[in-house]
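A look at the structure
The primary structure of each chain is shown beneath.
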Amino acid sequence: MTLLNILTLPDKRLKTVAKPVEKFDAELKKFIKDMFATMYDAPGIGLAATQVDVHKQVVVIDVSEDKDQPLCLINPKIVEKEGQQIHEEGCLSVPNIYAKVKRASSIVVEAQDESGNAISIEADELLAVCIQHELDHLKGIVFLDHLSTIKRKMALKKLAKEDD
Ligand code: K2U
Ligand code: ZN
């Protein structure tokens, strides 16, 4: 198991759009194990392959209290969304910056598991927020991109100051 390096803003590689996974092989399974290890070590409740500079449509998630409900979504697609919820978000790629983001309150996601089998997940509350947050990463979008121009500029200025 290997801990992977997590990219942080302003790294432009975070804007890369991920490509679909075509080969469900041992290498993919090893990568998924490393993604989970990296997420739990961060610690976080989600991680997208984009964040570790691998531009494939893979996300790992575990929103459980006991960290015993791992969920891996490959080639995920939101097929239904309903309602709205506003949630304070952070991001492992945007350290120490938090902001309220509006997202759908419940969603249905279709994806494949690590063996390539089709799965369908219904999610609401924090799981729905996390899935939408991670699927944004696969499109090269970070949560700051949902903020007003003024709020985004203030957040990026704060981030730059912390890097000094
Ligand atoms: O993509 C990431 O950086 C992982 C995020 C996922 C996330 C952000 C906001 C809301 C839900 C999920 C990290 O897990 S941020 C750290 C964190 C930890 C516990 C609860 C919320 C956020
Ligand atoms: Zn994130």
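The paragraphs below set out a description of the structure included in this document. (Residues numbered from 1 in each chain as written. Chains lettered and ligands numbered in written order. Predicted model: local features only at pLDDT ≥ 70, side-chain atom pairs only at ≥ 80, totals over all residues. Heavy atoms only, no water.)

It is worth spelling out the nonpolar core at this point. Counting 17 residues, the largest nonpolar core has V59, I61, L73, I107, V109 and I131 as its most contacted members. Mapped onto this core, the elements with two or more residues apiece are strand 2 (58–61), strand 3 (71–82), strand 6 (106–112), strand 7 (118–124) and helix 2 (125–138). At 5 residues, helix 2 tops the list of elements feeding residues into this core. If near-sequence neighbours (up to four positions away) are discounted, L73 is found in contact with Q57, V58, V59, V109, A111, Q112, I119, I121 and I131. In terms of nonpolar packing, the next biggest core, distinct from the first, is built from 15 residues, V21, L47, A49 and C72 among them. (Core = buried A, V, L, I, M, F, W, Y, C linked by side-chain atoms within 4.5 Å. Buried < 20%, exposed > 50% of the residue type's maximum accessible area, 1.4 Å probe, protein only. Helix = DSSP H or I, 4+ residues; strand = E, 2+ residues; numbered from the N terminus. Contact = heavy atoms within 4.5 Å.)

Okay, the sheet that holds strand 3 next. Sheet architecture is open: 5 strands sit in the order 1-2-3-6-7, paired in antiparallel fashion. The outermost strands of the open sheet, each flanked by one partner alone, are strand 1 (46–48) and strand 7. In this sheet, neighbouring strand axes are inclined to one another by 40° on average, regardless of whether the strands run parallel or antiparallel. The pairing of strand 3 with strand 6 spans 6 bridges and is antiparallel. Within strand 6, the residue paired with E80 across the bridge is V108. Docked against the sheet, helix 1 (residues 26–41) engages strand 1, strand 2 and strand 3, running at close to 40° with respect to strand 2. (Pairing = 2+ DSSP bridges. Axes fitted to C-alpha atoms, helices over the stretch in contact; angles between N-to-C directions.)

As enumerated under the stated definition, the model contains 1 aromatic pair in all. Taking the centre distance of 6.1 Å and the plane angle of 20° together, the rings of F36 and Y40 count as stacked. Highlighted residues: F36 and Y40, both in helix 1, separated by 4 residues, approximately one helical turn. What makes Y40 partly exposed here is its relative accessible area of 30%. (Phe/Tyr/Trp six-rings, centres within 6.5 Å; stacked < 30°, edge-to-face > 60°.)

For the rest of this paragraph, the subject is the environment of V109. Its place among the elements puts V109 in strand 6. Placed 32 residues apart in sequence, V109 and K77 show a C-alpha to C-alpha distance of 5.5 Å. Once residues lying within four places of it in the same chain are set aside, the contact partners of V109 are L73, P76, K77, I78, I119, S120, I121, I131 and L135.

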